[in-house]
Amino acid sequence: MANGNAKLSISFDFDLTVPAGFSEATEEQLLAKLKEALGPTVFGGMPTVTKKQLAKAGIALEGHSSRCLVTKTGVCVPPEMIAKAAPHLTDEELSRVAQLAAAKFPQKPAEQMAHLRRVALKFANDYRLVDCQLTPEQSIGGRVEMTAHLNLTNGGVLVDDAFKKIKLKTDQGPIAIRVADTDVTLNATLGGHTLGGPLLEVSINDIAANRTRLIERWQTAHA
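The text that follows walks through the structure, step by step, so that each part is easy to find.

Cut-off values and rules
Residues numbered from 1 in each chain as written. Predicted model: local features only at pLDDT ≥ 70, side-chain atom pairs only at ≥ 80, totals over all residues. Heavy atoms only, no water. Helix = DSSP H or I, 4+ residues; strand = E, 2+ residues; numbered from the N terminus. Rg over C-alpha atoms; globule rule 2.2 N^0.38 Å. Buried < 20%, exposed > 50% of the residue type's maximum accessible area, 1.4 Å probe, protein only. Contact = heavy atoms within 4.5 Å. Lys, Arg positive; Asp, Glu negative; His and termini not counted. Charge placed at Lys NZ, Arg CZ, Asp CG, Glu CD. Expected span 1.5 Å × (residues − 1). Pairing = 2+ DSSP bridges.

1. Describing the overall build of the chain
A count of helical and extended segments in the chain gives 8 helices and 6 strands. Starting at the N terminus, the α and β elements of the chain follow one another as α-α-α-α-α-α-β-β-β-β-β-β-α-α. For 223 residues, the compact-globule estimate of 2.2 N^0.38 gives 17 Å, and the C-alpha radius of gyration of the chain, at 28 Å, exceeds that figure by more than 25%. Projected onto the principal axes, the alpha-carbon positions of the chain cover approximately 95 × 35 × 30 Å. For the chain, the residues scored as buried account for 34% of the 223 residues in total. Sequence separation of at least 24 residues holds for 58% of the intrachain contacts in the chain that already meet a minimum separation of 6. Where the 25 positive side-chain charges of the chain centre and where its 24 negative ones centre are 7 Å apart.

Here is the structure:
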């Protein structure tokens, strides 16, 4: 027989983004982990606070019970998949973005990579530059040795100020980009010229294929 002459039920739904160690667990294991994380602060604190608040209205708390449920609603996105869509992220950032991307992960494969890249760029879209060199053909003939910086975030190649006014031959095909202090060579395409210099771009797929060495180079340069 219930104590008191009224029964009060209070329910909250919490949407969580859990780390890899939690998301890989079964629902039963996840529930146990969450209960441990919440601990007496929640399970003991809620009745204590409720009792004090009700007492202000002259209401006595005669007893209480608790219920804790968890349902896994998202998917587990492998960090390796994130790396293909956003190779500018560090290993630690890949794990975090994988958690964020899982919340609204598209079911259609054709939409998944675009979704991952959007989430990744929202998380980190700063310039992540590595030094590089290239020897493209000039529009007036002959080749010119240029120093530049490859932006791992979007594949843009930013030539140094001394070379911004040089016009390159527009139909010369792929331009080899040699990343400094590595054995990595990537191909860039020329999309024209602006006041900021030639528009050179390396594909994200090409960066992703060499991600490990490129990220190591960037981290070393910014250590």
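Here the narrative resumes, following the displayed structure.
2. Thoughts on helix 2 (residues 27–43)
At 3.6 residues per turn, the α-helix brings residues three or four places apart onto the same side. Taking 1.5 Å per residue, 17 residues should reach 24 Å; helix 2 reaches only 20 Å between its end C-alpha atoms and comes up short. By the burial criterion, the buried members of helix 2 are Leu30, Leu31, Leu34 and Gly39.

3. Quick word on the pairing of strand 2 (residues 146–151)
Looking down a regular strand, the side chains alternate between one sheet face and the other. When strand 1 (residues 129–134) meets strand 2, the two strands line up antiparallel, connected through 6 bridges. Counterpart to Asp131 in the pairing with strand 2 is His149. The sheet contact formed by strand 2 and strand 3 (residues 156–159) spans 3 bridges and is antiparallel. Among the inter-strand pairings, His149 is bridged to a residue of strand 3, identified as Leu158.

4. Focus: unusual backbone geometry
In this model, Asp181 sits at a positive phi of 60°, which is unusual for a non-glycine residue. With respect to the helices and strands, the residue Asp181 is situated in the loop between strand 4 (175–179) and strand 5 (185–194).

5. Considerations on the pairing of strand 5
Sheet analysis places strand 4 next to strand 5, joined by 4 bridges and oriented antiparallel. Bridging across to strand 5, Ile177 finds its partner in Leu186. Counting the residues in the hairpin turn of strand 4 and strand 5 gives 5 residues, including Asp181, whose phi is positive at 60°. Where strand 5 meets strand 6 (residues 197–202), 5 bridges bridge the pair, whose relative direction is antiparallel. What sits directly across from Leu190, in strand 6, is Leu200.

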